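Residue-level structural notes
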Amino acid sequence: MTARVLTGDRPTGPLHLGHYFGTLRNRVELQQRGADMFVIVADYQVLTDRDVAERLRETVDGLLLDYLAAGLDPEGTTVFAHSAVPALNQLVLPFLSLVSVPELQRNPTVKDEIQHSRQSSVSGLMFTYPVHQAADILFCKGTLVPVGQDQMPHIEVTRTVARRFNERYGPVFPIPEGLLSVAPVLPGTDGKKMSKSRGNAIALSATPDETARLIRGATTDADRHITYDPSVRPGVSGLVQLAALCLDRDPHEVAAEIGDAGAAALKRTVTEVVNEFLAPMRARRAAYAKDLDTVRKVLRRGNERANELAEQTLAEVRAAMGTVY
Ligand code: TRP
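Residues numbered from 1 in each chain as written. Predicted model: local features only at pLDDT ≥ 70, side-chain atom pairs only at ≥ 80, totals over all residues. Heavy atoms only, no water.

1. What about the overall build of the protein?
- Looking only at helices and strands, the protein has twelve helices and five strands in total.
- For 325 residues, the compact-globule estimate of 2.2 N^0.38 gives 20 Å, and the protein sits close to it at 21 Å.
- Looking at the protein as a whole, 53% of its 325 residues are labelled buried.
- Taking the contacts inside the protein whose residues are at least 6 apart along the sequence as the reference set, 77% of them involve residues at least 24 apart.
- Both charge centroids of the protein, one from 37 positive and one from 39 negative side chains, sit 2 Å from each other. (Helix = DSSP H or I, 4+ residues; strand = E, 2+ residues; numbered from the N terminus. Rg over C-alpha atoms; globule rule 2.2 N^0.38 Å. Buried < 20%, exposed > 50% of the residue type's maximum accessible area, 1.4 Å probe, protein only. Contact = heavy atoms within 4.5 Å. Lys, Arg positive; Asp, Glu negative; His and termini not counted. Charge placed at Lys NZ, Arg CZ, Asp CG, Glu CD.)

2. With respect to unusual backbone geometry
- A positive phi angle, near 55 degrees, is found at Lys-141, a position not held by glycine.
- For Lys-141, the position within the fold is in the loop between α6 (124-138) and β4 (144-147).

3. A closer look at the pairing of strand β2 (residues 36-41)
- Among the six residues of β2, six are classified as buried, and the element is accordingly described as predominantly covered.
- Burial along β2 is two-sided: Asp-36, Phe-38 and Ile-40 and Met-37, Val-39 and Val-41, pointing in opposite directions, are all buried.
- Both strand β1 (residues 4-9) and β2 contribute to a ladder of six bridges, which runs parallel. Following the sheet pairing, Thr-7 is matched in β2 by Val-39.
- Tracing the backbone out of β1, into helix α1 (residues 17-32) and back to the parallel element β2 gives a crossover that is right-handed.
- Summarising the sheet, β2 and strand β3 (residues 77-81) pair through five bridges and their orientation is parallel. Among the inter-strand pairings, Val-41 is bridged to a residue of β3, identified as Ala-81. (Pairing = 2+ DSSP bridges. Right-handed = clockwise from strand over helix to strand, strands pointing away.)

4. Focus on the domain arrangement of the protein
- Annotation of the protein at the domain level lists domain 1 (4-183 + 292-321) and domain 2 (196-287).
- The partner domain 2 presents 15 residues to the 17 residues of domain 1 that form the contact.
- The contact between domain 1 and domain 2 buries some 1,400 Å² in all, and 68% of this surface belongs to carbon and sulfur atoms.
- Of all residues in domain 1, Leu-17, Phe-21 and Ala-69 give up the largest surface area on contact with domain 2, accounting jointly for 42% of the area buried on that side.
- The tally of links from domain 1 across to domain 2 stands at one salt bridge.
- We note a salt bridge from Asp-66 to Arg-285, for which the minimum N-O separation is 2.6 Å.
- Mapped by element, the contributors of at least two residues to the side of domain 1 that touches domain 2 are α1 and α2 (56-70).
- The leading source of residues in the side of domain 1 that touches domain 2 is α2, at six residues. (Domains from an automatic or database assignment. Buried area = accessible area lost by both parts, 1.4 Å probe. Salt bridge = Lys/Arg side-chain N within 4 Å of Asp/Glu carboxyl O.)

5. Some remarks on the site of the ligand
- Around the ligand lies a shell of 13 residues, among which Arg-10, Gln-45, Gln-133, Asp-136 and Gln-151 are the nearest.
- At a separation of 3.0 Å, a nitrogen atom of the ligand approaches a polar side-chain atom of Gln-133.
- Contact distances for the ligand include 2.7 Å between a nitrogen atom and a side-chain N or O atom of Asp-136.
- In isolation the ligand exposes 370 Å². Once the protein is present, 89% of that is buried.
- For the shell around the ligand, the secondary-structure elements that each account for two or more residues are β1, α6 and β4.
- Partitioned by chemical class, the residues of the shell around the ligand number six nonpolar, five polar and two charged. (Near = heavy atom within 4 Å. Polar contact = N/O pair within 3.5 Å; in protein donor to acceptor, adjacent residues only side chain to side chain. Areas by Shrake-Rupley, 256 points an atom, 1.4 Å probe, with all protein chains shown as cover. Nonpolar A, V, L, I, M, F, W, Y, C, P; charged D, E, K, R; others polar.)

6. Here we look at helix α9 (residues 234-247)
- For α9, which comprises 14 residues, the first-to-last C-alpha distance of 20 Å matches the rise-based estimate of 20 Å (1.5 Å per residue) to within 8%.
- Where burial is concerned, most of α9 is hidden: twelve out of the 14 residues are buried.
- By the burial criterion, the buried members of α9 are Gly-235, Val-236, Ser-237, Gly-238, Leu-239, Val-240, Gln-241, Leu-242, Ala-243, Ala-244, Leu-245 and Cys-246.
- In this fold, the buried residues of α9 make contact with α1, α8 (208-216), α10 (251-258) and α11 (262-289).
- Immediately beyond the C-terminal end of α9, within one or two residues, lies Asp-248, with a positive phi of roughly 55 degrees. (Expected span 1.5 Å × (residues − 1).)

Right, here's the structure in full:
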């Protein structure tokens, strides 16, 4: 049986190289190996940490362009949005009955997000979104969920919900597996984790000049001898790692080749390598950007397929629960 892969993103802004090496690359590979790929644009999850989701239309267009630029197949991928699939959202209600409030309060990722939240108080959605995420995965009977480490608690919630539902009402859901991405956390241009909110991220949509400027401003140190030693030299090592990932080479080798040429030479190399790496993605992006209608059609088609599946699953759920009147 081919795996049904479900994963996705909150539409909060442009995807960057951290996303690419952390998950996008993985998705494209899984798809090339024949997985049935579902990608959710988690537009209701955006509301967990802010009161209003701003400029969603634009952000979602950008996200679709990023997916296609990264190489996801527009024919073979089911891209869809939370808000467009009512039956998916309806699954959240019975699912909520299967988890306890203390279980929700113990979720380490949610706890961390609450600490960094932009809301003045914690919303109900914040505590319950992992259950919503279980519906994202289970509505299409996803079996494989490629995610980063921070999402693993949500996969656990999903497995718990599926198991408890099956025990209480009969076998409806497969128990999905998380697929942890093997890529290390990619540091941004300040040596800390690449993240849009830190201003240290190279977006897939950045121009060659913007990329050069970001890398020129990267944090380095005074030692002219370039080495790869992340714990001692996070700035320099982050740049080395970035070049190594783009070249698919060992970072120690990349560092050794620059040797005593210093940080300026390192930055020149990284800029060149990153720009070369991003060139085909930029070309694809530019081509799709000229034809937004086609891009939006990918989402519309995905929404249709997601709705069909969600309605089927909801029908099974209602039959199992004895709520078909
Ligand atoms: N929580 C994920 C994130 O913030 C996005 C997401 C929503 C997701 N639903 C999902 C990921 C289902 C995997 C599966 O990145």
